[in-house]
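Now for the letters of each chain:
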Amino acid sequence: MQLIIQNLSKTYSNGVQALKDVSLTINKGMFGLLGPNGAGKSSLMRTIATLQEADSGSISLGNIDVLTQKEEVRKILGYLPQEFGVYPKIDAVTLLDHLAVLKGISNKGERKGLVEALLHKTNLWNARNKNLGGYSGGMKQRFGIAQALIANPKLIIVDEPTAGLDPAERNRFLNLLSEIGENTIVILSTHIVEDVKELCTDMAIINKGQVLYKGSPLDAIAEVEGKVWTKTIEKAELESYRQNFRIISERLIGGRPVISVLSHEQPEGGFTRTAADLEDVYFTHIFGNTQKEVAA
Ligand code: ADP
């Protein structure tokens with residue numbers, strides 16, 4: 001099954017054009033949708049999840065026309081929204097069971113088996129009788145995946161799932177996602193480059209509603225390989241470097257700025273060639289050819 005998005009556009013009533021002629025083909029596996037805040041990721045995710053309308057364009061999922069056959073989509077969709085609220089005074093077993101009823105699983109025995117399997121899969125079995133209000137951020141997100149998996153979905157959409165998770169929780173969550181991605185289309189929307197680099201076989205970079213890159217992370221890195229140069233400088237020099245070089249990223253290492261620039265040849269002034277990283281690709285696309293913005 002493939003998800004095919006063609007020429008999708010959306011302008012909100014306040015005049016913001018959130019999606020501009022977006023076309024993407026997404027196959028089984030983990031697909032990373034990478035872009036800064038405000039890029040249009042949630043608008044695209046919500047449209048695919050049948051929660052909002054597009055102005056023009058089409059989306060198909062296998063034989064289903066996503067924009068018109070919403071009920072069909074919902075039957076095979078698992079969605080973890082950006083703001084995933086849980087009822088704090090209910091435990092995981094009770095809520096999952098209730099959500100399974102809402103999904104139409106009326107057989108009690110079948111529900112019990114399903115809920116238990118989901119709790120094991122998401123590593124929440126030991127916390128199954130605890131109220132959700134007492135869950136950590138990572139546990140809440142894993143619970144979000146458990147509820148998204150109830151209907152055995154063919155398409156799973158997770159919107160910015162790792163924001164706010166500590167490194168251990170983030171790893172656990174991403175491992176869970178990648179397991180799921182072996183059999184399903186999983187779309188991971190994120191502004192965190194590392195999430196995409198570690199997990200996704202395919203990706204797109206979007207900004208200001210437009211797709212700036214689509215392909216595999218490895219091909220993306222190959223595009224800039226050999227052209228990334230870095231230099232450690234003094235803080236006082238930063239402004240002059242910004243004026244004179246096409247800086248794609250600035251970070252502080254040990255309190256000193258390290259700048260990266262993109263260039264076919266070694267720039268003057270003691271730059272060292274560095275192995276390209278997905279982050280370099282990302283900033284190159286996001287900041288374009290002329291911009292010299294801070295990319296911390
Ligand atoms: P992202 O998920 O990448 O942060 P969004 O899709 O949430 O991006 O937002 C894209 C743009 O659309 C932003 O400029 C945002 O302010 C605007 N936007 C999002 N939702 C609405 C809405 N319901 N009404 C008006 N503008 C919106």
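1. Examining the overall build of the chain
Next, step 1: Helices and strands together make up the secondary structure of the chain, namely ten helices and 14 strands.
Next, step 2: For the chain, the C-alpha atoms occupy an extent of roughly 70 × 45 × 35 Å along the three principal directions.
Next, step 3: Counting all 296 residues of the chain, 49% fall into the buried class.
Next, step 4: Surface accessibility of the chain: about 14,200 Å² in total, with carbon and sulfur atoms responsible for 48%.

2. A short note on the sheet that holds strand β8 (residues 185–190)
Within a sheet, adjacent strands bond to each other through the backbone by hydrogen bonds, running parallel or antiparallel.
Next, step 1: Taken in spatial order, the six strands of this open sheet run β6-β7-β8-β3-β9-β10, and their pairing is mixed. A single partner strand is all that each edge strand has here, and the edge strands are β6 (77–80) and β10 (210–215). Taken pair by pair, the neighbouring strands of this sheet meet at an average axis angle of 15 degrees, ignoring direction.
Next, step 2: Helix α5 (residues 137–148) contacts β6 and β7 (155–159) of the sheet and is inclined by roughly 160 degrees relative to β6.

3. Overview of the packing of aromatic side chains
Next, step 1: Counted under the stated rule, the structure contains four aromatic pairs.
Next, step 2: Here the aromatic rings of Y241 and F271 are separated by 6.2 Å at their centres, their planes lie at 70 degrees, and the arrangement is edge-to-face. Here F271 lies in the loop between β13 (256–262) and β14 (272–273) and Y241 lies in helix α9 (residues 238–244), a separation of 30 residues in the sequence.
Next, step 3: Given a relative accessible area of 11%, Y241 falls into the buried group.
Next, step 4: Residue F271 is classed as buried on the basis of its relative accessible area, which comes to 2%.
Next, step 5: Joined through ring pairs, the aromatic side chains of Y241, F245 and F271 make up one cluster.

4. Some words on the environment of Q6
Next, step 1: Within the secondary structure layout, Q6 lies in strand β1 (residues 3–11).
Next, step 2: Residue Q6 is classed as partly exposed on the basis of its relative accessible area, which comes to 41%.
Next, step 3: With 41 residues separating them along the chain, Q6 and T47 place their C-alpha atoms 13 Å apart.
Next, step 4: Those residues within four positions of Q6 in sequence are excluded, and the remaining contacts are V22, S23, G57 and S58.

5. Digging into the domain arrangement of the chain
Next, step 1: By domain assignment, the chain separates into domain 1 (3–215) and domain 2 (222–290).
Next, step 2: Just the C-alpha atoms count here: the centres of domain 1 and domain 2 sit 34 Å apart.
Next, step 3: Residue-level contacts link 13 residues of domain 1 with eight residues of domain 2.
Next, step 4: A combined buried area of about 890 Å² lies between domain 1 and domain 2, and 72% of that area is made up of carbon and sulfur atoms.
Next, step 5: Note that K197 and D277 form a salt bridge whose closest N and O atoms lie 3.2 Å from each other.
Next, step 6: Across the domain 1-domain 2 interface, the total number found is one residue pair in polar contact (both at pLDDT 80 or more).

6. Description of the site of the ligand
Next, step 1: Contacts to the ligand come from 13 residues, most closely from G38, G40, K41, S42 and S43.
Next, step 2: N14 is positioned such that a nitrogen or oxygen atom in its side chain is 3.4 Å from a nitrogen atom of the ligand.
Next, step 3: Measuring from an oxygen atom of the ligand, one finds a side-chain N or O atom of S43 at 2.6 Å.
Next, step 4: For the ligand, whose accessible area on its own is 560 Å², the fraction buried by protein is 65%.
Next, step 5: Within the shell around the ligand, the residues separate by chemical class into five nonpolar, six polar and two charged.

7. Thoughts on the pattern of salt bridges
Next, step 1: By the definition in use, this model includes 16 salt bridges.
Next, step 2: Taking the shortest distance from any N to any O, the salt bridge between K75 and E72 comes out at 3.3 Å. With a gap of three residues between them, K75 and E72 both fall in helix α2 (residues 70–75), about one helical turn apart.
Next, step 3: By relative accessible area, which is 53% here, K75 ends up exposed.
Next, step 4: Relative accessible area serves as the criterion here: at 33%, E72 is assigned to the partly exposed category.
Next, step 5: The partner of K197 in a salt bridge is E194, and the shortest N-O contact between them spans 3.4 Å. With K197 and E194 both in helix α7 (residues 193–199) and three residues apart, this pair spans about one turn of that helix.

8. Points about helix α4 (residues 108–121)
Next, step 1: Here α4 is 14 residues long and its end C-alpha atoms lie 20 Å apart, about the 20 Å a rise of 1.5 Å per residue gives.
Next, step 2: Along α4, the residues classified as buried are R111, V115, L118 and L119. All buried residues of α4 project into a common sector of 100 degrees when viewed along the axis, lining one side.
Next, step 3: A side-chain oxygen of the first residue of α4 lies 2.9 Å from the backbone nitrogen of G109; this N-cap is N107.
Next, step 4: Immediately beyond the C-terminal end of α4, within one or two residues, lies N123, with a positive phi of roughly 60 degrees.

What counts as what
- Residues numbered from 1 in each chain as written.
- Predicted model: local features only at pLDDT ≥ 70, side-chain atom pairs only at ≥ 80, totals over all residues.
- Heavy atoms only, no water.
- Helix = DSSP H or I, 4+ residues; strand = E, 2+ residues; numbered from the N terminus.
- Buried < 20%, exposed > 50% of the residue type's maximum accessible area, 1.4 Å probe, protein only.
- Areas by Shrake-Rupley, 256 points an atom, 1.4 Å probe, with all protein chains shown as cover.
- Pairing = 2+ DSSP bridges.
- Axes fitted to C-alpha atoms, helices over the stretch in contact; angles between N-to-C directions.
- Contact = heavy atoms within 4.5 Å.
- Phe/Tyr/Trp six-rings, centres within 6.5 Å; stacked < 30°, edge-to-face > 60°.
- Domains from an automatic or database assignment.
- Buried area = accessible area lost by both parts, 1.4 Å probe.
- Salt bridge = Lys/Arg side-chain N within 4 Å of Asp/Glu carboxyl O.
- Polar contact = N/O pair within 3.5 Å; in protein donor to acceptor, adjacent residues only side chain to side chain.
- Near = heavy atom within 4 Å.
- Nonpolar A, V, L, I, M, F, W, Y, C, P; charged D, E, K, R; others polar.
- Expected span 1.5 Å × (residues − 1).
- Arc of directions from axis to C-beta.

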